[in-house]
Amino acid sequence: MGPEHAITVVGLNHYFGHDEARKQAIWDVNLNIRKGSLTILMGPSGSGKTTLLTLIGCLRDVQEGSVHLLDQELRDAPEAVLVALRRKLGFIFQAHNLHESLTATQNVMMGLQVHGKGNARLQRAASHHMLGLVGLSDRLDYLPGNLSGGQKQRVAVARALVSNPDVIFADEPTAALDKVSGVSIVRMLKQLGQERGTTTVMVTHDNRILELADRIITLEEGRVVSDTSPI
Amino acid sequence: MSRFLTWLFGRLPIGWLQLSHNKTRLAAALAGVAFANLLVFMQLGILGALNNSTVAPYTLIRGDILVSSTEGDTLTDSGNIARTRMFQALGIAGVKSAVPLYIGTLPLSMGDGTSAALLTFGMDTAQPEFAAPWVARELDALNIESTALLDKGSRGVSASVFERLERGEPYAFEINGRTMTAIGTVDVGGGFLADGTLVVSDQTFLRFNPKRSGGAPSHILINVDDGASVQTVKTRLEAALPAESVKVQIMQDAAAADLAFMSTERPTGIIFGFGVLIGIIVGIVIVYQVLSTDVADHLKEYATFKAMGYDQPFFLGIVFEEALVLAIFGFIPGFLASSVLYKALASVTNLPVEMQAGTAILVFFGTLAACTLSGAIATRRLAAADPADLF
Ligand SMILES: Nc1ncnc2c1ncn2[C@@H]1O[C@H](COP(=O)(O)OP(=O)(O)OP(=O)(O)O)[C@@H](O)[C@H]1O
Ligand SMILES: [Mg+2]
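The rules behind each value
- Residues numbered from 1 in each chain as written.
- Chains lettered and ligands numbered in written order.
- Predicted model: local features only at pLDDT ≥ 70, side-chain atom pairs only at ≥ 80, totals over all residues.
- Heavy atoms only, no water.
- Contact = heavy atoms within 4.5 Å.
- Buried area = accessible area lost by both parts, 1.4 Å probe.
- Salt bridge = Lys/Arg side-chain N within 4 Å of Asp/Glu carboxyl O.
- Helix = DSSP H or I, 4+ residues; strand = E, 2+ residues; numbered from the N terminus.
- Nonpolar A, V, L, I, M, F, W, Y, C, P; charged D, E, K, R; others polar.
- Pairing = 2+ DSSP bridges.
- Phe/Tyr/Trp six-rings, centres within 6.5 Å; stacked < 30°, edge-to-face > 60°.
- Buried < 20%, exposed > 50% of the residue type's maximum accessible area, 1.4 Å probe, protein only.
- Lys NZ or Arg CZ within 6 Å of the ring centre and 35° of its normal.
- Axes fitted to C-alpha atoms, helices over the stretch in contact; angles between N-to-C directions.
- Parallel < 35°, antiparallel > 145°, perpendicular 65-115°, else oblique.
- Left-handed = near helix turned anticlockwise from the far one by under 90°.
- Near = heavy atom within 4 Å.
- Polar contact = N/O pair within 3.5 Å; in protein donor to acceptor, adjacent residues only side chain to side chain.
- Areas by Shrake-Rupley, 256 points an atom, 1.4 Å probe, with all protein chains shown as cover.

Observations regarding the interface of chain B and chain A
Each partner contributes to the interface: chain B provides 26 residues, whereas chain A provides 29 residues. Interface area for chain B against chain A, summed over the two sides, is near 2600 Å², with a carbon-plus-sulfur share of 65%. At the boundary of chain B with chain A, the tally comes to 1 salt bridge. Here A:Arg87 makes a salt bridge to B:Asp311, at a shortest N to O gap of 3.8 Å. For the side of chain B that touches chain A, the elements supplying multiple residues, two or more each, are helix H1 (2-9), helix H2 (14-21) and helix H11 (299-308) of chain B. It is H11(B) that provides the largest number of residues to the side of chain B that touches chain A, a total of 7 residues. Looking at the side of chain B that touches chain A residue by residue, the class counts come to 12 nonpolar, 7 polar and 7 charged.

Things to note about the sheet that holds strand E1 (residues 5-16) of chain A
All names here are of chain A. Ordered in space as E2-E1-E4-E5, the 4 strands form an open sheet in which the pairing is antiparallel. Of all the strands in the sheet, the pair left with one neighbour each is strand E2 (23-34) and strand E5 (72-73). Summarising the sheet, E1 and strand E4 (residues 64-69) pair through 5 bridges and their orientation is antiparallel. Opposite Asn 13, over in E4, you have Glu 64 as the bridge partner.

Details of the packing of aromatic side chains
According to the stated counting rule, one finds 16 aromatic pairs over all chains in the structure shown. Here the aromatic rings of B:Tyr302 and B:Phe315 are separated by 5.7 Å at their centres, their planes lie at 65 degrees, and the arrangement is edge-to-face. With B:Tyr302 in helix H11 and B:Phe315 in helix H12 (residues 312-349), this pair connects stretches of sequence that are 13 residues apart. Exposure class is identical for B:Tyr302 and B:Phe315. Each is buried. Taken together, a centroid distance of 5.2 Å and an interplanar angle of 80 degrees make the contact between B:Phe314 and B:Phe315 edge-to-face. Both residues of the pair, B:Phe314 and B:Phe315, belong to the buried class. Members of the aromatic cluster, connected to one another through ring pairs, are B:Phe41, B:Phe331, B:Phe335, B:Tyr342, B:Phe364 and B:Phe365. Above the face of the A:Tyr15 ring, A:Arg22 is positioned so that its terminal group lies 3.9 Å from the ring centre. Just above the ring of B:Phe315 sits the side chain of B:Lys306; from NZ or CZ to the centre is 6.0 Å.

Some words on the environment of A:Glu20
Within the secondary structure layout, A:Glu20 lies in the loop between E1 and E2. Separated by 26 residues in the primary sequence, A:Glu20 and A:Gly46 place their C-alpha atoms 20 Å from one another.

Points about the packing of helix H3 (residues 23-55) of chain B against H12(B)
Relative placement of two packed helices is described by the angle separating their axes and the distance separating the axes. All names here are of chain B. Contact geometry for H3 and H12: axes closest at 7 Å, N-to-C directions at 45 degrees. It follows from the interaxial angle that H3 and H12 lie oblique. Judged by the twist between their axes, the crossing of H3 over H12 is right-handed. Across the contact of H3 with H12, the residue classes tally to 20 nonpolar, 5 polar and no charged.

Thoughts on the site of ligand 1
All names here are of chain A. Taken together, 13 residues sit near ligand 1, with Lys 23, Ser 45, Lys 49, Thr 50 and Thr 51 positioned nearest. Here an oxygen atom of ligand 1 and a backbone polar atom of Gly 46 are 2.8 Å apart. A distance of 3.0 Å is found between an oxygen atom of ligand 1 and a backbone nitrogen or oxygen belonging to Gly 48. If ligand 1 stood free it would expose 630 Å²; the protein chains cover 62% of that surface. When residues of the shell around ligand 1 are traced back to their parent elements, those giving at least two are E2 and helix H1 (49-56). With 3 residues, the single largest contributor to the shell around ligand 1 is H1. When the residues that make up the shell around ligand 1 are grouped by side-chain class, the tally is 3 nonpolar, 7 polar and 3 charged.

Interpretation in functional terms is not warranted from these geometric data alone.
Here is the structure:
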């Protein structure tokens, strides 16, 4: 791996279950992902996209092989190291996973508060700014229950981006949205990522998004079957 | 509220926001905590009254040492002791003076046919040093046959009677067909065993209790010589008097022993102590239910926070914050309702049930502790929040 890479994966295997029920979901995956790029993971359902994403996003323990994320080996890394590393990451989930009892602003503030930097007033101001960037300046104090699906996902994007993460992981962030808002969210993600030099790894089935990618990796049955750079 | 808590905790008050988001659940939880508080307060109030009314009669008398029969349990529920023991005691070095004390229950008959059971103290009017100063002042007057000091806290005696007594007008009533005249008041209060207290001379006591004999008082009160050690005199008395029938106690120890007896060996004390325990358990179960349901309902959010890099102390903080909110906001209505019920109970029963700062503080910290304990149990559910399941 080199300094130009945010993520380096070597000989990665992953298994679910034990004994007879043991099943391999990831087969000998090797990858380098450049800093500041937008990489899209594709593949049929059950091909291991989510499993791979959670492995390199340090949400799942690495069993075999090696994953370097931001110069940190994840295999056998202690929980405290993982917690610290997660604070440099942003996650956007298929379901927005906003906290229903927090307002849009408060949800975004949670992305900052984990770093313990700045007082509540500064965090609130930064969150307002970020919500403005995703076009929600008129929805700052709305609870998620009062926002549309697209608006909620934009709050989730703001929450992931507000702390200026080094890497963003997104798993089908547009699946719950109509085409128009789906594409606009990914465009926004790409633009904000470019401005900040953020590395983005995204799982998607959405063909209209592919043209935005720097690189498209396709998985089948846990193996990388194609790896292209359209641009 | 939320901004204030943000400032207080240095982070968003997730626990508070979560609880207040679901108003119905919050109301139910607070009602539960308030109810548990009410249970505990009522039990403690009655226990307190029981304790008060156990030691209240001691306020009438003075003395260094109490000599009683081993058959008796407490000051007011005593056996009889031979008066000759008093003469024996007077012969012991260090004993300055001694008097017999007669205690019995007399039925006071009202005009309307109802009656009140009065715990009656027959005192030696010639030795005022054995009476509390405020009783001693009236002892001379009690030398007149069939006169008494009537307890202002007596159940079933109308307030107008005491107003008249305060104005110096005697009040005559009937006991066992004889006329007794109250010429003054004492303030002891009703208890669980009697409706009130009556103080009379030993002569009057014996006249109204024809079955009691002057030779067999309930207790013997003893004062020691100035400068003599009460403990030493007690030891001498114990050596001189037969241990199998005579009990020698320092006055303070006797009151403490009565308290211990009433709260651990009498069913009332045990029942109310048990009630406190039930109240605490009810509270813990309710708070645990609420908190663990709340954790379970927010596993997805917690997993998201974990993925964002929040660590275990943060989640424990949320649960304990919720426990704190429930404790504080449940205690307030519980305390207010209990205060009202105390007043009602005291006015209906004339028992000395009252809200005391010490009890309130004790219950508040107990509530905090119970809520924290429930919170601690509920945090076990946090382990189920796995960020790998989010995608
Ligand atoms: N927690 C788990 N326990 C057991 N097997 C699992 C688990 N998660 C995934 N798998 C299995 O691993 C394989 C890869 O699953 P994964 O969720 O990574 O696929 P995917 O490419 O994300 O599919 P989809 O497009 O449906 O989201 C599948 O066969 C799946 O059944
Ligand atoms: Mg998936």
